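# A look at the structure
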Amino acid sequence: QVQLVESGGGLVQAGDSLRLSCAASGRTFSDYAMGWFRQAPGKEREFVATIGWNGGTIYYADSVKGRFTISRDNAKNTVYLQMNSLKPEDTAIYYCAARLRTMRGASLEYQYDNWGQGTQVTVSS
């Protein structure tokens, strides 16, 4: 099992930037892949980005491609989501997730084993 704690959310204006962090504990961080998902009010949770154990296998949802960047620091047991040019439609609770059974990233919820509690991102117009 892995424990995940997100931070960095907040209220920003359209066009601003935020960097989310997700600190992991419980297993060797470089042994597994990580992902970010989000859930907007009244909508299902959706994939945002994923990264493999060594920073490879990076995928993004089309809606964030070119604006968001996922990265990880295995020495700090932390994965990041740099969000630039934020839009009101990016408003959601953002969750990080750990995929323990493989070192490669993935885009489907069922492929992840542990989830953080989420951090709220609100983008005003």
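Above this note sits the structure.
None of these values were measured; they are calculated from a predicted model.

## Description of the overall build of the protein chain
Along the backbone of the protein chain there are zero helices and eleven strands. Starting at the N terminus, the α and β elements of the protein chain follow one another as β-β-β-β-β-β-β-β-β-β-β. What you see for the protein chain is a C-alpha radius of gyration of 13 Å, in line with the 14 Å of a compact globule of 125 residues. When its C-alpha atoms are laid out on the principal axes, the protein chain stretches across 40 × 30 × 25 Å. Every one of the 125 residues in the protein chain was classed for burial, and the buried ones make up 45%. Considering only contacts in the protein chain between residues 6 or more positions apart, those separated by 24 or more positions represent 59%. For the protein chain, the exposed area adds up to about 6100 Å²; of that, 46% sits on carbon and sulfur atoms. Across the protein chain, the centroid of the 13 positively charged side chains sits 4 Å from that of the 11 negatively charged ones.

## Side note on the environment of Val121
As for its position among the elements, Val121 is in strand 11 (residues 119-124). Judged by its relative accessible area of 0%, Val121 falls in the buried class.

## Here's the deal with the packing of aromatic side chains
Applying the stated criterion across every chain yields a total of five aromatic pairs. Through successive ring pairs, a cluster of aromatic residues spans Phe37, Phe47, Tyr112 and Trp115. Here the guanidinium or amino end of Arg45 rests over the ring plane of Tyr95, the centre of that ring lying 4.9 Å away. The residue whose ring lies beneath Arg72 is Phe29, and the NZ or CZ to ring-centre distance is 4.3 Å.

## Overview of the nonpolar core
Met34, Trp36, Leu81, Met83 and Tyr94 are the most contacted members of the largest nonpolar core, which has 35 residues in total. If we skip the residues at most four places from it in the chain, Tyr94 touches Glu6, Leu20, Trp36, Phe37, Arg38, Val48, Phe68, Leu81, Met83, Gly118, Thr119 and Val121.

## Side note on the sheet that holds strand 3 (residues 18-25)
In a beta sheet, neighbouring strands pair by backbone hydrogen bonds and run either parallel or antiparallel. Reading across the sheet, the four strands line up as 1-3-8-7 and stay open at both edges, with antiparallel pairing between neighbours. The sheet terminates laterally at strand 1 (3-7) and strand 7 (68-73), the two strands that pair on one side only. Here the average twist between neighbouring strands, direction ignored, is 15°. In the sheet, strand 3 pairs with strand 8 (residues 78-83) via six bridges, with the strands oriented antiparallel. Within strand 8, the residue paired with Leu18 across the bridge is Met83.

The rules we used
- Along each chain, residue indices are assigned from 1 in the same order as the chain's sequence is written.
- In keeping with the predicted nature of the model, local features appear solely for residues at pLDDT of at least 70, side-chain atom pairs appear and are counted solely at 80 or more, and the whole-chain, interface and lining totals rest on all residues.
- Computation of side-chain values: all heavy atoms of the structure, hydrogens and water removed.
- Strands here are runs of E lasting at least two residues and helices are runs of H or I lasting at least four, both read from the DSSP assignment and numbered beginning at the N terminus.
- Note on method: radius of gyration uses C-alpha positions; expected globular size equals 2.2 Å times residues raised to 0.38.
- Burial status follows relative accessibility: with a 1.4 Å probe on protein chains alone, a residue under 20% of its type maximum counts as buried, one over 50% as exposed, and anything between as partly exposed.
- In this analysis, two residues are considered to be in contact whenever any of their non-hydrogen atoms come within 4.5 Å of each other.
- Note on areas: these come from Shrake-Rupley sampling with a 1.4 Å probe, and a residue is covered only by the protein chains present in the view.
- The sign given to each residue is positive for Lys and Arg and negative for Asp and Glu; His and the chain ends receive no count.
- By convention, the point assigned to a charge is CZ for Arg, NZ for Lys, CD for Glu and CG for Asp.
- We call Phe, Tyr and Trp rings a pair once their centres come within 6.5 Å, taking the six-membered ring for Trp, and we label the pair stacked below 30 degrees between planes, edge-to-face above 60, and tilted otherwise.
- We call a charge positioned over a ring when the NZ of a Lys or the CZ of an Arg lies within 6 Å of the ring centre and within 35 degrees of the ring normal.
- Buried Ala, Val, Leu, Ile, Met, Phe, Trp, Tyr and Cys residues form a nonpolar core when they are joined through side-chain atoms within 4.5 Å.
- For two strands to pair, DSSP has to find at least two bridges joining them.
- In this analysis, axes come from line fits to C-alpha atoms, helices being fitted only over the stretch in contact, and the angle between any two N-to-C directions falls in the range 0 to 180 degrees.

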